[in-house]
Amino acid sequence: MSDAEENPLEKTEKDGGTEMEEEEEEEEEYNPDYLKEEDMQQELEEDTLAGKESQEEEDAEETEEQAPAAEEEEDAGEEMEEEVLAAEEEEDAGAQEETRVGRLLLTDSLLAMSGTFPHSLQPEASKFSRGLSLQSEFLNLDQNGLDKQQSSSPEKQPSGELEGTTGQKPEDEPGQERTREPGKGEWRKKRSVSYSKSEEEKGFQPKAEIQKESLVSTTTEDSLFQKDDSDSVYPLSMTWSFGWNSSLPVFYLRDEAQRVLLYICAHTAVIYDVFKNDQRHLQGHPNVISCLCISEDRRWIATADKGPNCLIIIWDSFSGIPVHTIFDSCPKDSGIRAIAITRDAKYLATISDAEVQQVCIWKWTLAVETPACTLDLNKEYGFQNYLSFNPANNRELVSNSKTQAIYYSWQEERNILAHSAPLLTEKTFNKLVGKFSQSVFHLNLTQVLSATMEGKLVVWDIHRPPPSASSPLGFPYIKPCKLVHLQKESITVLTTVDSYIVTGDIRGNIKFYDHTLSIVNWYSQFKLSTIRCLSFSKTPPAPPTEKSDFPPDCTLKGESFIVRNFIIGTSDATVYHLTTDGTKLEKLFVEPKGAICAIACHPYQPFIAIGSLCGLIKVWNYEKKSYLFSRVFEKGLGVQCLTYNPEGVLLGVGFTEGTVYILDAMSLENGSPQPFKYSRTNVIHISFSHDSQYMATADVSFTVAVYKVMVKNGQRVWEYLARLRSHHKSIQNLLFGVHLDSNETRLLSLGKDRLLIEYDLPKSYKDHLEVLDIHQTDQGCYPTCMVWYPPLTRELFLLICNSGYKMKLFNSITKMCRKTLLGPTYGSPIEQIQILPVKTASELQKRYLVFMNKDKVGLQILPVDGNPHKTTSVVCHPDGGAGITVSYDGCCIFTAGGADRSVVQWKVNLRSWKTIFTILSSAVKVLIRWRVERCRNTSACQSFLLS
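Because the structure is a prediction, the values reported are computed rather than measured.

J.: Give a description of the overall build of the chain that names residues and reports values.
T.: Within the chain, the regular secondary structure consists of 14 helices and 57 strands. Residue burial in the chain is summarised as follows: out of 947 residues, 52% are buried. Considering only intrachain contacts with a sequence separation of at least 6, the fraction spanning at least 24 residues in the chain is 51%. On the chain, roughly 45400 Å² of surface is accessible, and the fraction owed to carbon and sulfur atoms is 50%.

J.: Describe in detail the pairing of strand 51 (residues 832-835), supporting the description with residues and values.
T.: Side chains Ile-833 and Ile-835 project from strand 51 onto a buried face, and the interleaved Gln-832 and Gln-834 project onto a face without burial. Pairing of strand 51 with strand 52 (residues 848-852) involves 4 bridges; the strand directions are antiparallel. Within strand 52, the residue paired with Gln-832 across the bridge is Met-852.

J.: An account of the environment of Asp-581 is needed here, citing residue identities and associated values.
T.: Summarising the element assignment, Asp-581 is placed in the loop between strand 30 (574-579) and strand 31 (584-590). Between the C-alpha atom of Asp-581 and that of Pro-551, which follows or precedes it by 30 residues, the distance is 7.7 Å. At 2.6 Å, the side chain of Asp-581 forms a polar contact with the backbone nitrogen of Asp-549.

J.: Let's hear about the pattern of salt bridges: which residues, and what values?
T.: As enumerated under the stated definition, the model contains 23 salt bridges in all. As a salt-bridge pair, Arg-723 and Asp-699 come within 3.7 Å of each other at their nearest N and O atoms. You can see Arg-723 sitting in strand 42 (residues 715-724) and its partner Asp-699 sitting in strand 40 (residues 694-699), a full 24 residues away along the chain. Put simply, Lys-712 and Glu-719 hold a salt bridge, and the shortest N to O gap is 2.0 Å. Sharing partners across several salt bridges, the network here consists of Arg-746, Glu-758, Asp-773 and Lys-815.

J.: Account for the sheet that holds strand 41 (residues 704-712), with residues named and values stated.
T.: What the 4 strands build is an open sheet, ordered 39-40-41-42; its pairing is antiparallel. The outermost strands of the open sheet, each flanked by one partner alone, are strand 39 (683-688) and strand 42. Strand-to-strand, the axes of this sheet are offset by a mean angle of 25°, without reference to chain direction. Bridge count between strand 40 and strand 41: 5 bridges; the pairing is antiparallel. Looking at strand 41, one finds that Tyr-694 is bridged to Lys-708.

J.: Go over the nonpolar core, please, and point to the residues and values.
T.: Note that soluble globular proteins tend to have their nonpolar side chains buried in a common cluster. Core analysis: the biggest nonpolar cluster contains 28 residues, and Leu-261, Phe-894 and Val-903 have the highest contact counts within it. Looking at this core, the elements that each hand over two or more residues are strand 3 (236-243), strand 5 (260-265), strand 6 (268-273), strand 31, strand 32 (596-601), strand 33 (607-612) and strand 56 (892-896). Not counting the four nearest positions on each side in its chain, Phe-894 is found in contact with Phe-242, Ile-599, Cys-601, Ile-608, Tyr-622, Gly-883, Ile-884, Thr-885, Ser-887, Val-903, Val-904 and Gln-905. Counting residues in hydrophobic clusters, the runner-up holds 20 residues, among them Cys-293, Ala-302, Ile-321 and Ile-341.

J.: So what's going on with the pairing of strand 9 (residues 300-305)? Residues and values would help.
T.: Most of strand 9 sits out of view: 6 of its 6 residues are buried. With 5 bridges connecting them, strand 8 (residues 289-294) and strand 9 associate as antiparallel partners. In the sheet register, Ile-294 faces strand 9, and the bridge partner there is Ile-301. The turn linking strand 8 back onto strand 9 is made up of 5 residues, and Arg-298 within it adopts a positive phi angle of 65°. Where strand 9 lies against strand 10 (residues 311-316), 5 bridges are found, and the strand directions are antiparallel. Paired with Ile-301 across the strands is Trp-315, a residue of strand 10.

J.: Break down the packing of aromatic side chains for me, with residues and values.
T.: In the structure shown here, the tally under the stated rule is 30 aromatic pairs. Between the aromatic rings of Phe-512 and Phe-561, the centroid separation amounts to 4.9 Å while the plane-to-plane angle is 65°, which identifies the pairing as edge-to-face. One end of the pair, Phe-512, is in strand 26 (residues 510-513); the other, Phe-561, is in the loop between strand 28 (531-536) and strand 29 (566-570), with 49 residues separating them in the sequence. Just as Phe-512 is buried, Phe-561 falls in that class too. Members of the aromatic cluster, connected to one another through ring pairs, are Tyr-500, Phe-512, Tyr-523, Phe-526, Phe-536, Phe-561 and Phe-566. The ring centre of Tyr-782 lies 4.7 Å from the NZ or CZ of Lys-752, which sits over that ring.

J.: Give a detailed account of the side chain of Thr-574, specifying residues and quantitative values.
T.: In this structure, Thr-574 sits in strand 30. The class of Thr-574 is buried, set by a relative accessible area of 3%. A distance of 3.2 Å separates polar atoms of two side chains, one belonging to Thr-574 and the other to Asp-572. Residue contacts for Thr-574: discarding those within four places in its chain leaves Trp-244, Ile-568, Gly-569, Lys-587, Phe-589 and Val-590.

J.: Tell me about the sheet that holds strand 24 (residues 491-497), and name the residues and values.
T.: Strand-to-strand pairing in sheets goes through backbone hydrogen bonds, with the strands running parallel or antiparallel. Overall, antiparallel pairing links the 4 strands, which are arranged 24-25-26-27 in an open sheet. The sheet terminates laterally at strand 24 and strand 27 (519-523), the two strands that pair on one side only. Taking the axes of each pair of neighbouring strands and ignoring which way they run, one obtains an average angle of 20° across the sheet. Direction of pairing for strand 26 relative to strand 27: antiparallel, over a ladder of 4 bridges. From the neighbouring strand, Ile-510 faces strand 27, where its bridge partner is Tyr-523.

J.: Before we move on, could you go through the side chain of Ser-828 and cite the residues and values that matter?
T.: Position of Ser-828 relative to the elements: it lies in the loop between strand 50 (817-822) and strand 51. Side chain to side chain, Ser-828 and Asn-853 meet in a polar contact 3.2 Å long. Beyond its immediate stretch of four places on either side in the chain, Ser-828 contacts Tyr-805, Asn-853 and Lys-854.

J.: So what's going on with the confidence of the model for the chain? Residues and values would help.
T.: Per-residue pLDDT for the chain has a mean of 79; in total, 74% of the residues score no lower than 70. Mean pLDDT values for the elements of the chain range from 36 in helix 8 (residues 122-139) up to 97 in strand 39. This stretch, residues 90-210, has a pLDDT under 50; its non-local contacts, to residues over four places away or in other chains, come to 192 contacts.

J.: Go over the environment of Arg-343, please, and point to the residues and values.
T.: Note that Arg-343 resides in the loop between strand 12 (336-341) and strand 13 (348-352). What makes Arg-343 partly exposed here is its relative accessible area of 41%. Separated by 48 residues in the primary sequence, Arg-343 and Pro-391 have C-alpha atoms spaced 5.5 Å apart.

J.: Got a sec to walk through the state of the cysteines? Specific residues and values, please.
T.: Scanning the entire structure with this criterion turns up 0 disulfides. No disulfide involves Cys-330; its sulfur sits 3.2 Å from that of Cys-310, the nearest cysteine. Assessed through its relative accessible area of 7%, Cys-330 is described here as buried.

J.: Residues and numbers for the environment of Gln-693, please.
T.: By the element assignment, Gln-693 lies in the loop between strand 39 and strand 40. Sequence separation between Gln-693 and Tyr-707 is 14 residues; the distance between their C-alpha atoms is 8.4 Å. Setting aside chain neighbours within four positions, we find Gln-693 in contact with Tyr-707, Lys-708, Val-709, Arg-716 and Trp-718.

J.: I'd like a description of unusual backbone geometry, backed by residues and values.
T.: Cis geometry is adopted by the peptide bond preceding Pro-863, which originates at Leu-862 and carries an omega value of 5°. Note on placement: Pro-863 falls in the loop between strand 53 (856-861) and strand 54 (871-875). With phi around 55°, Lys-625 is a residue other than glycine that occupies positive phi space.

About the cut-offs
- Residues numbered from 1 in each chain as written.
- Predicted model: local features only at pLDDT ≥ 70, side-chain atom pairs only at ≥ 80, totals over all residues.
- Heavy atoms only, no water.
- Helix = DSSP H or I, 4+ residues; strand = E, 2+ residues; numbered from the N terminus.
- Buried < 20%, exposed > 50% of the residue type's maximum accessible area, 1.4 Å probe, protein only.
- Contact = heavy atoms within 4.5 Å.
- Areas by Shrake-Rupley, 256 points an atom, 1.4 Å probe, with all protein chains shown as cover.
- Pairing = 2+ DSSP bridges.
- Polar contact = N/O pair within 3.5 Å; in protein donor to acceptor, adjacent residues only side chain to side chain.
- Salt bridge = Lys/Arg side-chain N within 4 Å of Asp/Glu carboxyl O.
- Axes fitted to C-alpha atoms, helices over the stretch in contact; angles between N-to-C directions.
- Core = buried A, V, L, I, M, F, W, Y, C linked by side-chain atoms within 4.5 Å.
- Phe/Tyr/Trp six-rings, centres within 6.5 Å; stacked < 30°, edge-to-face > 60°.
- Lys NZ or Arg CZ within 6 Å of the ring centre and 35° of its normal.
- pLDDT = per-residue confidence, 0-100.
- Disulfide = S-S within 2.5 Å.

Here's what the structure looks like:
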């Protein structure tokens, strides 16, 4: 029996408007309240049940009347609705349109509860449910639509059709309706679908004739970048991702006519159109993505992460929709280390990252949550970090660690995953083999190839017992055949394309071999760094013409070397595109290869500066998403912090070994003749005063240093003033301010030692930094960050957050704590805060606070009052954020991810946030109003109201 047969009420609610009129016309045959009454008989009192039955009899008599009576009932329902709306307008004349929408949505959702609403609201509820059911026709996505549409549209499937969904319940035939015969407990089907005359005149068709198609089955390759994501319903939405996790491969997703790439940025998979300079983000992982793979036809993308609540998600690359998610994919939340998908995209294989690795094969097209087969590997095999399927046989796989290669044979009928892992030592071939990098199946499909870091290739023979073997345990196995010394350089990448075996090495060379392992051609003239990944175009190369300029191969015949265009990813986080016809190498983008800890926004231009520990500073135009200029510092200088001065002319940079540079903001050239080196340790904070006369830095040795502008020979130059070790624990924040009465510059530092120290800059001189006062901010918890509180009141405050999720307001002059409030509680204390800038003077009284904790970025409505519902947050960097900055106009927030080598741009949408809060607050008001109305006639409610 199908779901609809078990619960006819669900079918009635889904069918919506097409069956509402039918209920009124055929009440005798089909009573939608039948099951409601049957379920509520034991709970309702006898007098209530009798009243309900009498009311139903009256309704049944009314439905037997002619069409004018039905129209009068609708008019009565409309009058009732108008009366309710008029009463609410009198109660709350200042309600907004969003309030009315929230009331309607809440009322309709509550009407689904059987037997809990008075009959006076039922006509209005019918109208609401009809409208919402029509809306759900267009918004509802059929969960089984993927498999249904693929089975009906084979041309849109990868080779080897995806298997249908198991456990799918049968559905009724179109044009059929379920009715229940009086006195019987079985439902019968009625082949006529009736609807009211008014609906017929308006063009409404019965639901049975409406055909639903899932978005996955109807989208094409060009659909993804045609979506308009400008109107987001979220307060914070990801708009761009700077950076690339260069330890993971980049894939050639679309042909050269579009040149669309797929790569990983932290916990997000990025689909990047090079020609359009546009990104689409596949978001859903709670942890940093650890591995990914794509199907042969580039339609299906599989991503996996490692960490708590790890997931495996399969995406449709045409629409960006996650078609299947596998929860609890590995024990103890260890995560996935390697993943592979078959050529026809039917099966998925994973290797966990646990101490005892587990190999799993998933029939993901069946939407199952458990693997079809599992195998626990021996610890002696080492950590297997690479996995691939046999392109011609879905039942064969190969994986390898640095010391062991393993061949797998999946015996599906026996539910066994057999494996063969012969031990390979130097005595096997009497030669040094080296550590394995990657393993693939040979073009002849009877051998396995394993590349090593010694430039050699291990050839394994696959021994497959005949099907008529007498032994039931006779499984295929591999045996080392020979060791081929291909080249001197270490092989880092091994793959196959068409009729070639391709290698990439540590010197940046790319070489092509035939099936006999004889070299055919190579690319070594580009002087690239270590090859990390190679991804070839989906489309085979076109036959050569007179205008073709393919290079000749290195055989005696000297024929044209024709191969597909491909993408190259290198260890220095650079991605190239090679057009083989003409041998044209294009650099697509260069990203930092080290952790990103420093970001800063220009004070009046849409520029963002990004600094990396690898010594690279890049400046982007974040509105046009265009790279402007960059500078790479010498080895050993890692950028730890940077900031613009208020005029946007200078860029102060602090480095990991204590050096401080003052650069020209537009050219990144030295603004001062020599850098300052007065610290021996990492400079973690740098800040300019409001008039750009002072610059202060703080290092990990708890020392504050101050620099000042001097005039020498008619030129303004920066000179070192003084430094002081004022704290005995790490300095959390360094902040400049202004005295309101004298307009003099103030400097404050906040330490983990719970001390807030203000320095007397006017009284400071060469090599002497004067301290004005010292105050203790907390007793048990330690402070994490501080910011000047906006002038929302007459009193000027300093806002300080601590490790106990508290926010404290201190008087800026006396340093007295005036208020302590609860701050955002999203798993970890706030680590960085900034005030969102405003565009106009009218917004000065509507301010917002931007905060960042360990892994989330969020907004809070000011003034602070401890209300937890005035905050919102979203995961930005699961492994921990390193920095935050805000654009000059307050429209964007940028977060740096540190070790994940990424910077994420978030669009601020305050309007949607206000709408959400308005709807929620209005919904609560309607719920309270309904509860009071429902129990107004009871004695308990009357006594409560009188009291």
